[in-house]
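Results of the structural survey
Here are the chains, one letter per residue:
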Amino acid sequence: MRILIVEDEPDLLASLAQALREEGYAVDTANNGDDGLFNAEGTDYDAIVLDIMLPGLDGWEILKRLRKTKKTPVLMLTARDQTRERVKGLDSGADDYVIKPFDLEEVFARLRAIIRRSANKSTNLIEIGPVKVDTAARKIFLKDKPVEITAREYSLVEFLALHRGEVVTRTQLYDHLFDENESSLSNLLDVHVSNVRKKLGAEFIATRRGHGYCIE
Ligand code: CA
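The rules behind these values
- Residues numbered from 1 in each chain as written.
- Predicted model: local features only at pLDDT ≥ 70, side-chain atom pairs only at ≥ 80, totals over all residues.
- Heavy atoms only, no water.
- Donors = N, O, S within 2.8 Å, 3.2 Å for Na, K, Ca; no water.
- Axes fitted to C-alpha atoms, helices over the stretch in contact; angles between N-to-C directions.
- Helix = DSSP H or I, 4+ residues; strand = E, 2+ residues; numbered from the N terminus.
- Parallel < 35°, antiparallel > 145°, perpendicular 65-115°, else oblique.
- Left-handed = near helix turned anticlockwise from the far one by under 90°.
- Contact = heavy atoms within 4.5 Å.
- Nonpolar A, V, L, I, M, F, W, Y, C, P; charged D, E, K, R; others polar.
- Buried < 20%, exposed > 50% of the residue type's maximum accessible area, 1.4 Å probe, protein only.
- Salt bridge = Lys/Arg side-chain N within 4 Å of Asp/Glu carboxyl O.
- Pairing = 2+ DSSP bridges.
- 1 Å grid on protein atoms, 1.4 Å probe; cavity = no way out; pocket = protein on both sides within 12 Å on 5 of 7 lines; lining within 4 Å.
- Points joined across faces, edges and corners; volume = space filled by probe spheres on them.
- Domains from an automatic or database assignment.

Brief notes about the coordination of the calcium ion
The protein atoms donating to the calcium ion are Asp-8 (OD), Asp-51 (OD) and Met-53 (O), with metal-donor distances spanning 2.1 to 2.3 Å. Sequence positions of the residues that donate to the calcium ion give the spacing D-x42-D-x1-M.

Below you can see the structure in the form of structure tokens.
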């Protein structure tokens, strides 16, 4: 899962980016509105964390312009005294909001929820044969036993599971699992796929030659 954070407070931006990377997300950042919109329009993010008061375009303007072309789930960061603004946000196409100062766990939970909703999954649990993917706890179970899996491997399985039955191209996987600083490491994906197969069974992820990967 790849997230864009648009936030102009350097400390908040850095700590949020680090926390999300530790959760296994690929994270791109923008510290002003113009770069934020440029990134948001140019990349298929799984979700965007969007501050409202920004240098350049503000969060509302970004949201308004983005919604002309993309449905990317957006989590707005709002200040406590912006109650009316929050209503405006939901009306203008934001998917959810958190109030600053926020608890990181709340940001994680709301992000998972808007990503799940955008994939039309109403439940936390995806069952694929003997494998269960718990998207709320970000854990994987094989025959009801928890599997030791890295955050990035989890993200790979979750992305394929949310697109179950579809062939997901390598390019899509690169776009969703790695951020702009990592995407040149071209064999990383194969390593993760190979590790997941060792843990969940060789047949769990099918290779579609010349096309990509698929979970049936
Ligand atoms: Ca701000």
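Considerations on the packing of helix H1 (residues 10-22) against helix H5 (residues 104-118)
Relative to each other, H1 and H5 sit at 60 degrees, their axes nearing to 11 Å. By the angle class used here, H1 and H5 are oblique. The handedness of the crossing between H1 and H5 is right-handed. Together, Leu-16, Ala-19 and Leu-20 of H1 and Leu-104, Val-107, Phe-108 and Leu-111 of H5 make up the contact between the two elements. Considering only residue class, the contact of H1 with H5 consists of 7 nonpolar, no polar and no charged.

Some points on the environment of Asn-181
As for its position among the elements, Asn-181 is in the loop between helix H7 (170-177) and helix H8 (188-200). Residue Asn-181 is classed as exposed on the basis of its relative accessible area of 63%. Remark: the alpha-carbon pair of Asn-181 and Leu-13, spanning 168 residues in sequence, is separated by 16 Å.

Topic: the pattern of salt bridges
All told, the structure shown has 15 salt bridges when counted by the stated rule. For Arg-65, the salt bridge is made with Glu-61, and the minimal N-O distance between the two is 3.1 Å. Of the two residues, Arg-65 and Glu-61 are both situated in helix H3 (residues 59-66); the distance of 4 residues between them amounts to about one turn of the helix. Assessed through its relative accessible area of 23%, Glu-61 is described here as partly exposed. For the salt bridge of Arg-170 with Asp-190, the shortest nitrogen-to-oxygen distance reads 3.0 Å. Placement of the pair is Arg-170 in helix H7 and Asp-190 in helix H8, with a sequence separation of 20 residues.

Notes on the sheet that holds strand E5 (residues 96-100)
In spatial order, the strands read E2-E1-E3-E4-E5; together these 5 strands make up an open sheet with parallel pairing. Strand pairing shows two members of the sheet lacking a second neighbour, strand E2 (26-30) and E5, which therefore form its edges. Strand-to-strand twist in this sheet, taken as the mean axis angle between neighbours without regard to direction, amounts to 20 degrees. Here strand E4 (residues 74-79) runs beside E5; their pairing, made up of 5 bridges, is parallel. Each bridged residue has a counterpart across the sheet, and for Met-76 the counterpart in E5 is Tyr-97.

What about the layout of surface pockets?
When its volume is computed, the largest pocket comes out at roughly 450 Å³. Considering the residues around the largest pocket, the lining is formed by 18 residues, among which Tyr-45, Asp-46, Ser-118, His-163 and His-176 are closest to the centre. The leading source of residues in the lining of the largest pocket is H7, at 3 residues. Here the residues of the lining of the largest pocket are counted per class, giving 7 nonpolar, 5 polar and 6 charged. Shared between two domains, the lining of the largest pocket takes at least three residues from each, and those domains are domain 1 (2-118) and domain 2 (125-214). One number sums up the size of the second largest pocket: a volume of about 200 Å³.

Some words on empty space enclosed by the protein
What the rule picks out here adds up to 1 cavity of 30 Å³ or more. Of all the elements in the fold, those that place two or more residues in the lining of the largest cavity are H5 and helix H6 (151-162). Ranked by residues supplied to the lining of the largest cavity, first place goes to H5 with 3 residues. Classifying every residue of the lining of the largest cavity gives 3 nonpolar, 1 polar and 3 charged. Composition of the lining of the largest cavity by domain shows at least three residues from each of domain 1 (2-118) and domain 2 (125-214).

Nothing here speaks to function; it is all geometry.
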